[in-house]
There are 6 protein chains.
Amino acid sequence: MTQVPSTPLVPDNTLITATPEDGRALAITLARHSVHAMQHELEVLTNGRAQYSHDPFGLIAASHVIAVEFATIAAANGYWRGATV
Amino acid sequence: MTQVPSTPLVPDNTLITATPEDGRALAITLARHSVHAMQHELEVLTNGRAQYSHDPFGLIAASHVIAVEFATIAAANGYWRGATV
Amino acid sequence: MTQVPSTPLVPDNTLITATPEDGRALAITLARHSVHAMQHELEVLTNGRAQYSHDPFGLIAASHVIAVEFATIAAANGYWRGATV
Amino acid sequence: MTQVPSTPLVPDNTLITATPEDGRALAITLARHSVHAMQHELEVLTNGRAQYSHDPFGLIAASHVIAVEFATIAAANGYWRGATV
Amino acid sequence: MTQVPSTPLVPDNTLITATPEDGRALAITLARHSVHAMQHELEVLTNGRAQYSHDPFGLIAASHVIAVEFATIAAANGYWRGATV
Amino acid sequence: MTQVPSTPLVPDNTLITATPEDGRALAITLARHSVHAMQHELEVLTNGRAQYSHDPFGLIAASHVIAVEFATIAAANGYWRGATV
């Protein structure tokens, strides 16, 4: 079995990002790294991904987690209110 | 298979919108783009959409995600308290 | 098929309401309009409603969405702390 | 069929309560009134209650909704920090 | 059938605790008392507990409720930032 | 049966951590300790872990709980905004 590293849980060890787009990408990453911390085997992850990504209920459940992670990241960044787009 | 672009995750790279209506539309868009980031194939997305949109539990689950995204967007916009409707 | 209008998502384009009761009604409306944005056909909506409203798990799931929407609306209104009942 | 009144959604039209205990009771009431707004028929509600209250997953799902409602009520009341117990 | 008391919902009628550990214990208690408010019969509760506590999905669902309750309690206590451990 | 200790619920009795990475690890720990508080038997936990960690829906549900716990911990730490990485 191929092992997926279980750390870091938070890449670059910060919640601060330059833009909302980067914050959104971080939300996805945090959610994925949580999963990796619970399941290290690449083959199991690959199979699981094939399963949930073809099931609309799996995609909705995963997008729910991303939304919760993003809420935290957005608050951490003051919602990027002062950012120049 | 037709590929759906996986970015941007946040259109216009901002959470700030002029009105609650626009913020609500953004919430729906963020949720959809999360799904696109996990599943790029248009045919799979189209089939999945046909499935969950005809299932009341799918619609409730999806509306839950929209509610969570909207909470973040509403906070980012100070709840549009000063907006003139 | 009869088409349900998909907009507005936010009636009157504001989260501000006079009272908690009105805020609660708005929470229900926001949740319903999310569903309408995903499913426009009245017959599908009517059938789905008959299904989930007779299933305690459907009612609990829907009430969960209302609770999340209401949290946002209540925050937007400063919890109506200064309101005279 | 016996009809359950669908309003008020918020008894006494306020989120302010004297104590956490009262706030918790209000959380339960808000969740129940959401359900009543979606299902008016007493017999359906009574049957549904018998079903979910004997299913641990139903009880957990319902308690989740209460927790979300309570979060809003507790914030509205400043967590009753100044209350004398 | 043995009856479980349905009150108090909030032991000692306060969300304030001395430490995070106590706050966490209160979160578990609040969740349990919610369940008791919906199901008074000890035998049903005991059977339900045996069921969900042997089902990983039941344990995950229950731990989700504890997390939501704890968020409220932690906010009420200012996250115990000034506490001496 | 081997018994898993049910306390502490919060290791070191604090939500304050030096870095986001540590906060994320604490979120996972809090979620796990919730489960231990409900199920003390190591064999049941081990079996349950094997089950949910091979089921993408189990992994998504568990990562959702981690996200909720992390939101609380991140708020407690002021999102580590002043931290030097």
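What counts and how
- Residues numbered from 1 in each chain as written.
- Chains lettered and ligands numbered in written order.
- Predicted model: local features only at pLDDT ≥ 70, side-chain atom pairs only at ≥ 80, totals over all residues.
- Heavy atoms only, no water.
- Helix = DSSP H or I, 4+ residues; strand = E, 2+ residues; numbered from the N terminus.
- Contact = heavy atoms within 4.5 Å.
- Areas by Shrake-Rupley, 256 points an atom, 1.4 Å probe, with all protein chains shown as cover.
- Lys, Arg positive; Asp, Glu negative; His and termini not counted.
- Charge placed at Lys NZ, Arg CZ, Asp CG, Glu CD.
- Buried area = accessible area lost by both parts, 1.4 Å probe.
- Salt bridge = Lys/Arg side-chain N within 4 Å of Asp/Glu carboxyl O.
- Polar contact = N/O pair within 3.5 Å; in protein donor to acceptor, adjacent residues only side chain to side chain.
- Nonpolar A, V, L, I, M, F, W, Y, C, P; charged D, E, K, R; others polar.
- Least-squares fit on C-alpha atoms with pLDDT ≥ 70 in both.
- Core = buried A, V, L, I, M, F, W, Y, C linked by side-chain atoms within 4.5 Å.
- Buried < 20%, exposed > 50% of the residue type's maximum accessible area, 1.4 Å probe, protein only.
- Axes fitted to C-alpha atoms, helices over the stretch in contact; angles between N-to-C directions.
- Left-handed = near helix turned anticlockwise from the far one by under 90°.
- Expected span 1.5 Å × (residues − 1).
- Phe/Tyr/Trp six-rings, centres within 6.5 Å; stacked < 30°, edge-to-face > 60°.
- Lys NZ or Arg CZ within 6 Å of the ring centre and 35° of its normal.

1. Describing the overall build of chain A
For chain A, the count of helices and strands is three helices and zero strands. Contacts in chain A between residues at least 24 apart in sequence constitute 69% of all its contacts with a sequence separation of at least 6. Total accessible area on chain A stands at roughly 3,400 Å², and carbon and sulfur atoms take up 57% of it. Between the mean site of the 4 positive side-chain charges and the mean site of the 7 negative ones, chain A shows a separation of 9 Å.

2. Regarding the interface of chain D and chain C
Accessible area lost upon the coming together of the parts is a frequently used measure of interface size. Across the contact, 33 residues belong to chain D and 28 residues belong to chain C. Contact between chain D and chain C buries roughly 2,600 Å² in total, counting both sides, with carbon and sulfur atoms accounting for 69%. The interface formed by chain D and chain C contains one salt bridge. The salt bridge involving C:Arg24 is made with D:Glu69; its shortest N-O contact spans 2.5 Å. Inspection of the region where chain D meets chain C yields ten residue pairs in polar contact (both at pLDDT 80 or more). Mapped onto the side of chain D that touches chain C, the elements with two or more residues apiece are helix 1 (20-38), helix 2 (42-52) and helix 3 (56-76) of chain D. In terms of residue count, the dominant contributor to the side of chain D that touches chain C is helix 3 of chain D (eleven residues). Looking at the side of chain D that touches chain C, its residues break down into 19 nonpolar, eleven polar and three charged.

3. Things to note about the relation of the copies chain D and chain C
When chain D is fitted to chain C, the residual RMSD is 0.0 Å, and the transformation amounts to a turn of 60° plus an axial shift of 0.0 Å. In the structure described here, the two chain copies are related by an operation that fits a six-fold rotation axis. Residue D:Val68 of chain D places its C-alpha closer to the rotation axis than any other residue of that unit, at 7.0 Å. Both copies present different contact surfaces, since only 15% of the interface residues of chain D are interface residues in chain C too.

4. Overview of the nonpolar core
Ranked by size, the top nonpolar core spans 168 residues in total, and within it A:Leu15, B:Leu15, C:Leu15, D:Leu15, E:Leu15 and F:Leu15 carry the most contacts. The residues touching B:Leu15, leaving out its near neighbours within four places in the chain, are A:Pro20, A:Phe70, A:Ala74, A:Tyr79, A:Trp80, B:Val10, B:Leu26, B:Leu30, B:Thr72, B:Ile73, B:Ala76 and B:Asn77.

5. Topic: the packing of helix 3 (residues 56-76) of chain B against helix 1 (residues 20-38) of chain C
In the contact formed by helix 3 of chain B and helix 1 of chain C, the axes pass within 9 Å of each other and the chain directions differ by 120°. Here helix 3 of chain B runs over helix 1 of chain C; the crossing is right-handed. In this structure, helix 3 of chain B uses B:Leu59, B:Ala62, B:Ser63, B:Ile66 and B:Phe70 to contact helix 1 of chain C, whose residues at the interface are C:Leu30, C:Ala31, C:Ser34, C:Val35 and C:Met38. Across the contact of helix 3 of chain B with helix 1 of chain C, the residue classes tally to eight nonpolar, two polar and no charged.

6. What to know about helix 3 (residues 56-76) of chain F
Residue and element names in this part refer to chain F. Taking 1.5 Å of rise per residue, the 21 residues of helix 3 would be expected to cover 30 Å, and the 30 Å separating its terminal C-alpha atoms lies within 8% of that figure. Extensive coverage of helix 3 is indicated by the burial of 18 of its 21 residues. In this structure Asp55 caps helix 3, since a side-chain oxygen of it lies 2.8 Å from the backbone nitrogen of Phe57. In the segment just after helix 3, Gly78 is the residue with positive phi, at about 55°.

7. Concerning the side chain of E:Asn77
Following the sequence through the fold, E:Asn77 ends up in the segment after helix 3 (56-76). In contact with E:Asn77, other than residues within four places in its own chain, are E:Leu15, E:Ile16 and E:Thr17.

8. Re the interface of chain A and chain B
Listed as interface residues are 28 residues of chain A and, on the opposing side, 33 residues of chain B. Buried area between chain A and chain B, summed over both chains or domains, comes out near 2,600 Å², and the portion from carbon and sulfur atoms is 69%. Applying the counting rule to chain A against chain B returns ten residue pairs in polar contact (both at pLDDT 80 or more). Residue assignment for the side of chain A that touches chain B shows that the elements contributing at least two residues are helix 1 (20-38), helix 2 (42-52) and helix 3 (56-76) of chain A. Of the residues forming the side of chain A that touches chain B, the biggest block, 13 residues, is contributed by helix 3 of chain A. Here the residues of the side of chain A that touches chain B are counted per class, giving 18 nonpolar, five polar and five charged.

9. Things to note about the environment of C:Tyr52
Counting through the fold element by element, C:Tyr52 comes out in helix 2 (residues 42-52). C-alpha of C:Tyr52 to C-alpha of C:Ala62: the two residues are ten residues apart in sequence and 8.5 Å apart in space. For C:Tyr52, the contacting residues outside a window of four places in its chain are B:Pro56, B:Ile60, C:Gly58, C:Leu59, C:Ala62 and D:Met38. Polar contacts involving the side chain of C:Tyr52 include one to the side chain of C:Arg49, which spans 3.0 Å.

10. Looking at the packing of aromatic side chains
Enumeration according to the criterion identifies six aromatic pairs over all chains in this entry. Pairing A:Phe70 with A:Trp80 gives two aromatic rings, centres 5.8 Å apart and planes at 15°, and the pair type is stacked. On the criterion of sequence distance, the pair formed by A:Phe70 in helix 3 and A:Trp80 in the segment after helix 3 is long-range, its members being ten residues apart. Grouping residues by exposure puts A:Phe70 and A:Trp80 together as buried. Above the ring of B:Phe70, the side-chain terminus of B:Arg24 is found at 4.7 Å from the ring centroid.

11. Overview of the environment of B:Val4
Residues and elements named next belong to chain B. If you trace the backbone, Val4 turns up in the segment before helix 1 (20-38). In sequence terms Val4 and Ala71 are 67 residues apart; their C-alpha atoms lie 27 Å from each other. Among residues more than four places away in sequence, those in contact with Val4 are His36, His40, Leu42 and Leu45.

12. Focus: unusual backbone geometry
Note on backbone geometry: most residues besides glycine have negative phi, and most peptide bonds are trans. A cis amide bond, omega 0°, links E:Thr7 with the succeeding residue E:Pro8. Relative to the helices and strands, E:Pro8 resides in the segment before helix 1 (20-38). In the Ramachandran plot, C:Tyr79 falls in the positive-phi region, its phi being about 65° despite a non-glycine side chain. Among the secondary structure elements, C:Tyr79 is positioned in the segment after helix 3 (56-76).

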